[in-house]
Structure formats: C-alpha cells, structure tokens
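# Reading the structure
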Amino acid sequence: MCIRDRYMGDILMESATLILGYWPFKARVEQIKLLLEYLGVPYVIKLYTQPEEWARDKKSLNFPFPNLPYIKDGDVVVCETDAIFHYICLKMHRPELLGKTIRQINLQRQLKGVLDELLDVLLGMKKGDDARKIVSDKITPKLGSLSKFLGTYNFLLDDLTIADVKLFYILEILTTYDKNILKQYENLTKFYTRFLEIPNIALYKKSDRHRPGPFFVPDHPMRI
C-alpha cells in the first residue's frame, strides 16, 4: 500500500482517545479543544515545549505533511486546523456542524474564512507592534459586521456550527485582552455567554483540562 492510499481510504484504525499535539500556548489549538469538549470526545494533549521535541516527534508521525496542531487517532494523523475540524465532525457523525443545507455550508465556510483571518491577525502580531491599534483598525470593524450578521439569532446560522466555535474563541481572546471590547455589541455579549453556558463547555471551563493561558508566545504584544 502506498502512502497516498493510507490517507485516501477509510479510517484504518481508530483509538478510544485522540492525541492532540501543539505548543504550550492556546493560539490555534484551543478552538480544536473547544470542539472536542463540546462533542464529548476523549483526548489527551501532547505539548511540545522545545522545537527539538517536535523535530524528533514529527518524523514518527509517518505523515507526509507534519504540522502543529495535529491529531492522531489510531493509524490516522490529521494536520491543519481546517482538516482537523472536518475530521472530528465527521468522525463523531455530526456533519450538521459543517452546515445542514448547501446554503448553510457555504455561509459557514465564508464565516470561517472571515474568522480565520481575524485569528491570523491576532496570531501575527510581533514584539513591538501596537496591539491596541491593530485591534482597533483590523478587528473592531469586523466585530460590527459579525454583530450585524448575528442579529437576533442564538448562533451565527441559528443552528450551531464550527463557525460559532471559532467566533467564541476569538471573543474569548478579545475579552481577556479588553473586558469592555464587546460593550457596544449586546448580541455578541449574549452569544459569548450562551456558548459558555453549553453544558459540556461549562464543565470544561471548570476542569483541569482547561488552561486559562497563555494564548500566545511570551513576547506577543497583547500579553495574554
């Protein structure tokens, strides 16, 4: 069997507990943890505190495109955040989290693209950058658009999708940085609270699996 066949066929072997690998900060991995927790999927975290650890381990994954974050599910290795989201939803037989209709699927993908861009802005800040100006110029205007899109819905498409997981995580970053940032967006504040009150999310936040921080590398200008 060639290596392509291993990853284009059905799942060869699944394990009872997923392994989720990433660096020791939230950055791109926390949104994946939120989805796993929401769905009640057992997982363990493999933290890489040194680049040398990852350089050694990625060879053992036996995957042609190793990257962080990754999940390992028995013989199956999935890298890249978007692919991980899709894999988890399909593995758990919850395709509706990707959208129930063609219209929802397309809207969810567009929303995901907007939210991924916002996360990239937050992650892309470097030491010496003016974090408050970047948030004001590049993040806040999109919050207004998201608030308008959300309207009176409970979730972005009314039904919860992976776009809501991503939105919640971005709002968590922003409210940790500035507790008043959502003051003018009542519906986003209610959305944030509503997501926090989902039973599995509430349990996660009280568990030892939840780490309050850090969100970013130590010299990140947001300092959270």
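Residues numbered from 1 in each chain as written. Predicted model: local features only at pLDDT ≥ 70, side-chain atom pairs only at ≥ 80, totals over all residues. Heavy atoms only, no water.

### Examining the environment of leucine 196
Just so we agree on the cut-off: Helix numbers and strand numbers start at the N terminus; a helix is a DSSP run of H or I with at least 4 residues, a strand a run of E with at least 2. The buried label applies to any residue whose accessible area, calculated with a 1.4 Å probe on protein chains only, is under 20% of its type's maximum; exposed applies above 50%, and partly exposed to all values in between. Contacts: residue pairs with any heavy atoms within 4.5 Å of one another.
Along the polypeptide, leucine 196 turns up in helix α8 (residues 186-196). Classification of leucine 196 by relative accessible area gives partly exposed; the value is 28%. Along the primary structure leucine 196 and phenylalanine 168 are separated by 28 residues, whereas in three dimensions their C-alpha atoms are 8.6 Å apart. In this structure leucine 196 touches Phe168, Ile201, Ala202 and Lys205, once residues within four positions along its chain are discounted.

### Examining the confidence of the model for the chain
Rules: Values of pLDDT, which run from 0 to 100, indicate the predictor's confidence residue by residue.
The share of residues in the chain with pLDDT of 70 or more is 93%, and the mean pLDDT across the chain is 93. Below a pLDDT of 50 lies the segment residues 1-13, which in the model reaches 19 contacts outside its immediate sequence neighbourhood of four places, other chains included.

### Some remarks on the environment of phenylalanine 25
Along the polypeptide, phenylalanine 25 turns up in the loop between β1 (18-22) and α2 (30-39). By relative accessible area, which is 16% here, phenylalanine 25 ends up buried. When near neighbours in sequence (up to four residues on either side) are disregarded, phenylalanine 25 contacts Arg211, Pro214, Phe215, Phe216 and Val217.

### What to know about the nonpolar core
To keep things clear, this is the line we draw: Residues belong to one nonpolar core when they are buried, are Ala, Val, Leu, Ile, Met, Phe, Trp, Tyr or Cys, and are joined through side-chain atoms within 4.5 Å.
Core analysis: the largest hydrophobic core is formed by 75 residues, its most contacted members being Leu35, Leu122, Leu143, Ile173 and Met222. Per-element tally for this core: the top contributor is helix α7 (residues 162-177), with 11 residues. Once you skip the residues sitting within four places of it in the chain, leucine 122 turns out to touch Ile139, Ile170, Ile173, Leu174, Phe216, His220 and Met222.

### Focus: the packing of aromatic side chains
Operational definition: Under the pairing criterion, centres of Phe, Tyr and Trp rings, with the six-membered ring standing for Trp, must be within 6.5 Å; the plane angle then separates stacked pairs below 30 degrees from edge-to-face pairs above 60, leaving the rest tilted.
Under the criterion given, the structure shown has 11 aromatic pairs. When the ring of phenylalanine 63 is compared with that of phenylalanine 65, the centres are 6.2 Å apart and the planes differ by 80°; the resulting orientation is edge-to-face. Aromatic rings pair up to connect Phe155, Phe168, Phe191, Tyr192 and Phe195 into one cluster.

### Focus on the pattern of salt bridges
The condition is simple: A pair is scored as a salt bridge if a Lys or Arg side-chain nitrogen falls within 4 Å of a carboxyl oxygen belonging to Asp or Glu.
What the rule picks out here adds up to 13 salt bridges. A salt bridge links glutamate 96 to arginine 94; the shortest N-O distance between them is 2.3 Å. A residue is classified by how much of its surface remains accessible, and glutamate 96, at 24% relative accessible area, is partly exposed. Among the residues examined, arginine 94 registers a relative accessible area of 27% and is labelled partly exposed. Through salt bridges with shared partners, a single ionic network connects Asp82, Lys112, Asp116 and Lys166.

### Digging into α8
This is how it is decided: Directions from the helix axis toward the C-beta atoms define the arc.
For α8, every residue scored as buried is listed here: Asn187, Leu188, Phe191, Tyr192 and Phe195. Down the axis of α8, the buried set is contained in an arc of 145°. They therefore lie on one face. Buried residues in α8 make contact with α6 (131-150), α7 and α9 (199-206).

### Here's the deal with the pairing of strand β2 (residues 43-47)
Rules: For two strands to count as paired, DSSP must find a minimum of two bridges between them. Look down the strands so they point away from you; if going from the first strand over the helix to the second traces a clockwise path, that crossover is right-handed.
Here five bridges tie β1 to β2, and the two strands are oriented parallel to one another. Bridge pairing links glycine 21 to lysine 46 in β2. Crossover connection from β1 via α2 to parallel β2: handedness right-handed.

### Digging into the sheet that holds β1
This is how it is decided: In this analysis an axis means a line fitted to C-alpha atoms, helices contributing only their contacting stretch, and an angle means the value between N-to-C directions, from 0 to 180 degrees.
With respect to topology, four strands assemble into an open sheet ordered β2-β1-β3-β4, the strand pairing being mixed. The outermost strands of the open sheet, each flanked by one partner alone, are β2 and β4 (76-79). Strand-to-strand, the axes of this sheet are offset by a mean angle of 20°, without reference to chain direction. Where β1 meets strand β3 (residues 70-73), three bridges bridge the pair, whose relative direction is antiparallel. Bridged to glycine 21 within β3 is tyrosine 70.

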